[in-house]
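Observations on the three-dimensional arrangement
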Amino acid sequence: MGELTHKATRAAFGKAIELTLKHVEKDREKGLLQLVDLTEKFMGDNFPSESYEGARNLIRDPESKWMQYVNRALDEIHPNVIKQTALNLGFEAAFHGTKTIRAMRETYQCNIPWLILMDPTSACNLHCTGCWAAEYGHKLNLSYEDLDRIITQGKELGIYFYMYTGGEPLVRKADIIKLCEKHYDCEFHAFTNGTLVDDAFCEEMQRVGNLSLSISLEGFEEVNDLRRGVGVYDKVMAAMDKLKSHGLIFGTSICYTSKNIETVTSDEFLDMIIEKGCRFTWYFHYMPVGNEAAVDLLPTKEQREYMYHRVREIRGATGGKPIYAMDFQNDGEFVGGCIAGGRNYCHINANGDVEPCVFIHYSSANIKEVSLLEALKQPLFMAYRDHQPFNNNHLRPCPMLENPEILQEMVEQTGAKSTDLQSPETVEHLCGKCADYACQWKETADKLWEEHPYVHKGYSNYKKK
């Protein structure tokens, strides 16, 4: 798509969204059906035809769980946020970006990610027990110019979705808003502890419209504050109230461990965050990253199987809860296994090291020294590309947690170095902590994989072998 054609199409899509939102106020069902028609017209075969028909059937059933979810979102989210999210996450990232990325993968014969996760800073106003980010120390930063250059180069490759973590990314909230303004065609998302959210920042988020948040939460007050510090839970609750009142999109980011897994998936907990205005919840499996990581926090195979079933129950078409739940580890079947190493995402830490994953702290490329494309072609990333999928059972996707011998082999063969500047961890030490877990999970994972019908549907964006 030429630049002028692309801009004209984006403008037309934006006008159509505005008209649809006006129609939604008068006749919600008719307006939403028009939005599906519009999406199909612009997106075409980016999505299978049954997806569009499924959306229409959902809209025609106003009593269904997910239609009630949509209606509540339309009632509560600010129109500018809805419009910018549809434009940037929908038109730019899902449509234009996806087509560009696929072409670039062929052109450059390497992984090109759909999103990039980066750390504006390693600094944080909290020091949570077991936080992998704490391993980096608190003195590193990607400058505004570094971040701007990454995004600019990323857009040339078709990447229009950028996530921030840290450290605490909102330590840099002025720069984050400035980047939202300059790159108005990108969608941004920040993983935050929530304690720095105030009314002024909410007003800025509403104005730019292209920034959403995931707020870290480990359970109710007693458990959360035991790890994060006294008073943090109350600050998170207050932040959610502010975000909801300003019509912003946010959810939770939850690390589940052997200690909190039932609490953070309980009806009581989910009801609470839904009432607070959360639209989604990310669940992240605890990873034993760092020399001092506690292996006893790894979920048991029974707990992980419970998580597999519970997340599917939460987000089911019926029952469950009106919140979109995602499990980074157990949803591998829907994305073809591991998405790291640039296949669909990668991580850039606050020192500029370009890592395959937020949990895999090894690299041989620094964004302050090489271009983004050169970083994506580093030996470790090419090894990821050659080995993906790491397991044909996508419930065992990770080269560290479920296939530790593979990560060890890739790091050793490519000469990638530890990016932990405080306490470098050898790959043998890291993978050694996962060996017993991988062995125990294999039997359960293989049973689930054979039983689950999705195994027959397949999904792939791997290179041709």
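Just so it is clear, the structure is predicted and the values come from calculations on it, not from any experiment.

**Describing the overall build of the chain**
Per the secondary structure count, the chain includes 17 helices and 11 strands. Across its three principal directions, the C-alpha atoms of the chain cover 60 × 50 × 50 Å. In the chain, buried positions account for 59% of the 465 residues. With the model as given, the accessible surface of the chain reaches about 19,400 Å², and the carbon-plus-sulfur share is 54%.

**Some details on the nonpolar core**
Counting 136 residues, the largest nonpolar core has M118, Y283 and L407 as the members making the most contacts within it. Element by element, the count of residues in this core is highest for helix α5 (residues 79–108), at 8 residues.

**What about the sheet that holds strand β1 (residues 115–118)?**
Taken in spatial order, the 9 strands line up as β7-β6-β5-β4-β3-β2-β1-β8-β9 in an open sheet, and their pairing is mixed. On the outer flanks of this sheet lie β7 (324–327) and β9 (354–355), each paired with one strand and no other. As paired strands, β1 and strand β8 (residues 345–348) are joined by 4 bridges and run parallel to one another. Directly across from L115, in β8, lies its bridge partner Y345. Relative to strand β2 (residues 161–164), helix α6 (residues 144–156) is tilted by about 150 degrees, and along the sheet it contacts β1, β2, β3 (187–192) and β8.

**Quick word on the pattern of salt bridges**
On inspection of all chains with the given rule, the structure shows 29 salt bridges. A salt bridge links R310 to D267; the shortest N-O distance between them is 2.8 Å. Pair noted here: R310 is in helix α12 (residues 301–314) and D267 is in helix α11 (residues 267–276), with a separation of 43 residues, a long-range link. Taking the relative accessible area as the measure of exposure, D267 reaches 41% and is therefore partly exposed. Look at the salt bridges and you will find they share partners, linking D37, E40, E53, R56 and R60 into a network.

**Points about the side chain of E333**
Relative to the helices and strands, E333 resides in the loop between β7 and β8. There is a polar contact of 2.6 Å between the side chain of E333 and the side chain of R312.

**Description of unusual backbone geometry**
Phi is mostly negative for residues that are not glycine, and the peptide bonds are mostly trans. Put simply, G166 and G167 share a cis peptide bond, and its omega is 15 degrees. Residue placement: G167 occurs in the loop between β2 and α7 (173–182). Despite not being glycine, Q109 shows a phi value in the positive range, around 55 degrees.

The rules behind the values
- Residues numbered from 1 in each chain as written.
- Predicted model: local features only at pLDDT ≥ 70, side-chain atom pairs only at ≥ 80, totals over all residues.
- Heavy atoms only, no water.
- Helix = DSSP H or I, 4+ residues; strand = E, 2+ residues; numbered from the N terminus.
- Buried < 20%, exposed > 50% of the residue type's maximum accessible area, 1.4 Å probe, protein only.
- Areas by Shrake-Rupley, 256 points an atom, 1.4 Å probe, with all protein chains shown as cover.
- Core = buried A, V, L, I, M, F, W, Y, C linked by side-chain atoms within 4.5 Å.
- Pairing = 2+ DSSP bridges.
- Contact = heavy atoms within 4.5 Å.
- Axes fitted to C-alpha atoms, helices over the stretch in contact; angles between N-to-C directions.
- Salt bridge = Lys/Arg side-chain N within 4 Å of Asp/Glu carboxyl O.
- Polar contact = N/O pair within 3.5 Å; in protein donor to acceptor, adjacent residues only side chain to side chain.

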